[in-house]
Amino acid sequence: PQTIHLADYTPPNWLVTGVHLTFRLDPTRTRVLSRIGFAPNPDAKSREFKLDGEKMTLIRAKIDGTEVTPHVTETGLTCDVPDGPFTWEAEVEINPSANTALEGLYMSSGMYCTQCEAEGFRKITYYPDRPDVMAVFDVRIEGGEPVMLSNGNPGKMGDGFAEWHDPWPKPAYLFALVAGRLVAHPGTFTTMSGRDVDLNIWVRPGDEGKCAFGMEALKASMRWDEEKYRREYDLDLFNIVAVDDFNMGAMENKGLNIFNSSCVLASPETSTDANFERIEAIIAHEYFHNWTGNRITCRDWFQLCLKEGLTVFRDAQFTSDLRSAPVKRIEDVITLRARQFREDNGPLAHPVRPSSFVEINNFYTATVYEKGAELIGMLKTLVGDEAWSKALALYFDRHDGQACTIEDWLRVFEDVTGRDLAQFKRWYEDAGTPRLSVTDSYKDGIYTLHFRQETPPTPGQSEKPPRVIPIKVGLLGQDGKEVAETRVLEMTEAEQSFEFTGLAAQPVPSILRDFSAPVILQRETTNAERAFLLAHDTDPFNKWEAGRALAREGLLAMIRSDAAPDAAYLEASATMARDESLDPAFRALALGLPSQDDLAQAIHDAGGTPDPQAIWDALEALKDARAEAMEDTARGLYDAHQVTAPYAPDAAQSGARALANAALAMITRRDGGAAAQAQYDAAGNMTQQLAALACLLQAGKGDLALGRFYDQWQDDRLVIDKWFSLQVGYAAPEDAAEVAERLTQHPDFTMKNPNRFRATLGALAGSPAGFHHASGKGYALLADWLIKLDPLNPQTTARMCSAFETWRRYDADRQKLIEAQLRRIAGQEGLSRDTAEMVGRILA
Ligand code: HT7
Ligand code: ZN
């Protein structure tokens, strides 16, 4: 397969002056008629005319009305064309029912829908399918479906047809079409300039009752973007459609966002508080793309972080404003470490802006999205809030309607601030997580922090010059009071010292407040100091971080040397949990323990070999010890945080439920499940029902409740996904693979639905002790299913291969077992380019 390099970018030979598409829908033989205006690009070096196109039959093609015979291959066509502007017409036939890859035009639950990012439009018709070709689209849909939608504003609607006009030039990846038996949950929004916009969430009949929350989230997003960034919506209509079969979370098609139904449908009975928060964030994310992604798009797919990093950053700001900023920051760092640090420290490490790829779908990664957003956050910290606002205003103004690069983005900041951002750009170009080690000293009222940065080599990159790192630091006195204002230290050298003067005594430093840079902080410190920061730090992130470090150190001692659970940790976390001045949501997060994967990475980083079973045992032992030490505290917390008001998925109520459920997990370890059973029986919402079920499963008392849960929810796919994943996630390590295998035989299991596949096999991959069980049965089962899925859905198969990315951390026996499975996958005849690339990189 061909590797594509950023350095080889050339502008398109031909520009598109307008697109007219007619769809004659048919489940197996859809006809797509295109009429496209082309004009030579003055910036191009060649006039060669090439269109992308895959998995379609060309019926006829014309240039300026005269039939032509292009040279057609598996990936597109070439044709002799005039020197100047001309009109291209083509008729192609495609088969949506046979499209199980869920890219291009496909069927989901009897409805037609599309997914074109990144390169799906080329499965709909022949086109220059690249993001720097932007055009105005007119679409006519024929086929008699009750609802027929496309991008933009509605045009003529008649018996059996619908016409749509999108006035905003867009790349083909933002094209969308949906048709089928759908019902709308309507709404309206009046923009800041007083225009009324019609809003709809389109769902399958029966799901109407799960749209109200999404609609409010959409309106809140529209208002927030106006207030925060002066960004107004620019069409008369904004449609969202819920689709059951979808490879990712959602897609920001212009005026017609398409969502995985799990990321938009919500009701208190069927969705947890975490589901609500995620849905709100994804609706915001896709809406915010209207400006960061759609109006200003990417020149090429190497620039993906330009739209994704910025939009993730914006959606995080939105959630922080609507809910709790510290809680959102802690949640984001937990995910960053779990997904991005893991990626950055393994064979799949790549820069936020990669310089080459085989299959772009493999680069919708935590690095591009989450680390991309961290880079935006660092840039904002470095330039300050005022310059940030000016730069964003200039970016929107200067680049509206353009397909841009990271260079364009950084130049805006250079122009606003006069700073040279060349060193900052390394963050986009160099993969790997910097290790930031720090030592300190105090003499004559001067406190000195000495930092050293080093980034380990990553695939294809051995040398890593120093980057600019914004390090937020606060200082606490021995009485726990702040003795200096939080300062942003700007580290630019490999080693650098910073002084704090006028201090009466040696302070306790609080370093990397708010997690101001995506680095691994290394500092020799004591558990006493960690406990002190947990008790006194005024920076919520570092307060949480101190508790997390205390737990981690105790667990590592238990794993390494069979130490007993750390009494200091148990004491400090009980005190924290009882502290009524702290937000319950924060306390719930602070009661969370490092994940099995975090601990495995920590052991590996320290030069050891993680034993997944030992990690599991230590976590279980600590949870048991804590449940015993905090028995009264847990009961007190549980009783005190019962919500009596009608259910609302807001920050306050979800925080209370999170704390009560954390307490319930502790209580269950003492009472064997009595309180959990009572909660299960009385639960009026999914947050409480699912938490109680999880406790019962953990206690080995879940069989009855599992059966009842299935009977109650068998007609609700999204709830049944939870039923699948919970059973795998709560299985004992030695049983996890068997449980997953048994579930793949269940009549409700289907590998054609990515949500169900992930709920079952993704849950196994996400349970380290079960997945890495010494028998190797977890590896074999996952490989079996990836091999089965690949011919149907390469994109989802390839993504799930990352379950194996940490394989070199483990002992020789496990490595051998994993390698054998990876080689078995790699050896499959006809393996997709997506999966071949992923397995190849993991094995390299
Ligand atoms: N921009 C979208 C990314 C995407 C995607 C979504 C659904 C299915 C396949 C996809 N490929 C790429 C989603 C986003 O980041 O907002
Ligand atoms: Zn996005």
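Just so we're clear, the structure is a prediction, and the values are computed from it rather than from any experiment.

### Things to note about the overall build of the protein
When its secondary structure is counted, the protein shows 27 helices and 31 strands. Taken over C-alpha atoms, the radius of gyration comes to 27 Å for the protein, in line with the 28 Å a tight globule of 844 residues would show. Taken along its principal axes, the extent of the C-alpha atoms in the protein is 85 × 65 × 60 Å. Counting across all 844 residues of the protein, residues that qualify as buried make up 51%.

### Let's talk about the site of ligand 1
Around ligand 1, the surrounding shell holds 13 residues, and the nearest of these are Q115, E117, N247, M248 and M251. Counting residues per element, the ones that place at least two in the shell around ligand 1 are strand 20 (250-251) and helix 2 (273-288). Each residue belonging to the shell around ligand 1 can be placed in one class, and the counts come to five nonpolar, four polar and four charged.

### Section: unusual backbone geometry
A cis geometry characterises the amide bond from E117 onward to A118, with omega recorded as 0°. If you check the backbone angles, D514 has positive phi at about 55° while not being a glycine. With respect to the helices and strands, D514 occurs in the loop between strand 30 (508-511) and strand 31 (520-522).

### Considering the UniProt feature "domain: Aminopeptidase N-like N-terminal" (unreviewed entry) in the protein
In the numbering adopted here, UniProt assigns the feature "domain: Aminopeptidase N-like N-terminal" (unreviewed entry) to residues 77-174. Taken end to end, residues 77-174 is 0% helix and 50% strand, and its first and last C-alpha atoms sit 22 Å apart.

### Regarding the packing of helix 17 (residues 674-682) against helix 18 (residues 686-698)
Helix 18 packs onto helix 17 with a crossing angle of 150° between their chain directions and a minimal axis gap of 8 Å. As the angle between them shows, helix 17 and helix 18 are arranged roughly antiparallel. As helix 17 runs across helix 18, the sense of the crossing is left-handed. Of the residues in helix 18, those in contact with A676, Q677, Q679 and Y680 of helix 17 are Q688, Q689, A692, L693, C695 and L696. Considering only residue class, the contact of helix 17 with helix 18 consists of six nonpolar, four polar and no charged.

### With respect to the pairing of strand 25 (residues 435-443)
Two faces belong to every sheet, and in a regular strand the side chains alternate between them. Inspection of the sheet shows strand 25 paired to strand 26 (residues 446-454) by nine bridges, in the antiparallel sense. Pairing of K443 across the sheet is with I446, part of strand 26. Taking the residues between adjacent antiparallel strands as the criterion, strand 25 and strand 26 are bridged by two residues, where D444 takes a positive phi near 50°. Bridge count between strand 25 and strand 31: three bridges; the pairing is parallel. Within strand 31, the residue paired with L436 across the bridge is L521.

### What about the UniProt feature "domain: Peptidase M1 alanyl aminopeptidase Ig-like fold" (unreviewed entry) in the protein?
UniProt annotation of "domain: Peptidase M1 alanyl aminopeptidase Ig-like fold" (unreviewed entry) refers to residues 432-523 when read in the numbering used here. For the annotated span residues 432-523, helix accounts for 0% and strand for 53% of the residues, and the straight-line distance between the end C-alpha atoms is 19 Å.

### Focus: the sheet that holds strand 31
Taken in spatial order, the four strands of this open sheet run 29-26-25-31, and their pairing is mixed. Two strands bound the open sheet, and with one partner strand each, they are strand 29 (495-500) and strand 31. This sheet shows a mean twist of 25° between the axes of neighbouring strands, independent of strand direction.

### Remarks on the environment of V178
Considering the arrangement of structural elements, one finds V178 in strand 16 (residues 177-180). In this structure the C-alpha to C-alpha distance between V178 and A812, which are 634 residues apart in sequence, comes to 50 Å. Apart from the residues within four sequence positions on either side, V178 is in contact with M111, Y112, C113, L149, V241, L256 and I258.

### Description of the domain arrangement of the protein
As assigned here, the protein comprises domain 1 (4-259) and domain 2 (735-844). With centres defined by C-alpha atoms, the gap from domain 1 to domain 2 works out at 33 Å. Contact residues are listed per partner, giving eight residues for domain 1 and eight residues for domain 2. Classifying every residue of the side of domain 1 that touches domain 2 by side-chain character gives three nonpolar, two polar and three charged.

### Topic: the environment of G76
Positionally, G76 belongs in strand 8 (residues 76-78). What makes G76 partly exposed here is the crowd of 18 C-beta atoms within 10 Å. A C-alpha to C-alpha distance of 45 Å links G76 and E227, two positions 151 residues apart in sequence. When neighbours within four sequence positions are excluded, G76 is seen to be in contact with K50, L51, D52, G53 and Y126.

### What about the sheet that holds strand 15 (residues 161-170)?
The eight strands are arranged 6-5-9-3-2-12-15-14 in an open sheet whose pairing can be described as mixed. Where the open sheet ends on each side, the last strands, each with one partner, are strand 6 (66-68) and strand 14 (153-158). Between one strand axis and the next, the sheet turns by 20° as a mean value, whatever way the strands run. Taken together, the four bridges between strand 14 and strand 15 define a ladder with antiparallel strand orientation.

Conventions and cut-offs
- Residues numbered from 1 in each chain as written.
- Chains lettered and ligands numbered in written order.
- Predicted model: local features only at pLDDT ≥ 70, side-chain atom pairs only at ≥ 80, totals over all residues.
- Helix = DSSP H or I, 4+ residues; strand = E, 2+ residues; numbered from the N terminus.
- Rg over C-alpha atoms; globule rule 2.2 N^0.38 Å.
- Buried ≥ 20, exposed ≤ 12 C-beta atoms within 10 Å, placed from the backbone.
- Near = placed C-beta within 6 Å.
- Nonpolar A, V, L, I, M, F, W, Y, C, P; charged D, E, K, R; others polar.
- UniProt positions renumbered as here; feature names shortened; annotations may be inferred.
- Axes fitted to C-alpha atoms, helices over the stretch in contact; angles between N-to-C directions.
- Parallel < 35°, antiparallel > 145°, perpendicular 65-115°, else oblique.
- Left-handed = near helix turned anticlockwise from the far one by under 90°.
- Contact = placed C-beta atoms within 7 Å.
- Pairing = 2+ DSSP bridges.
- Domains from an automatic or database assignment.

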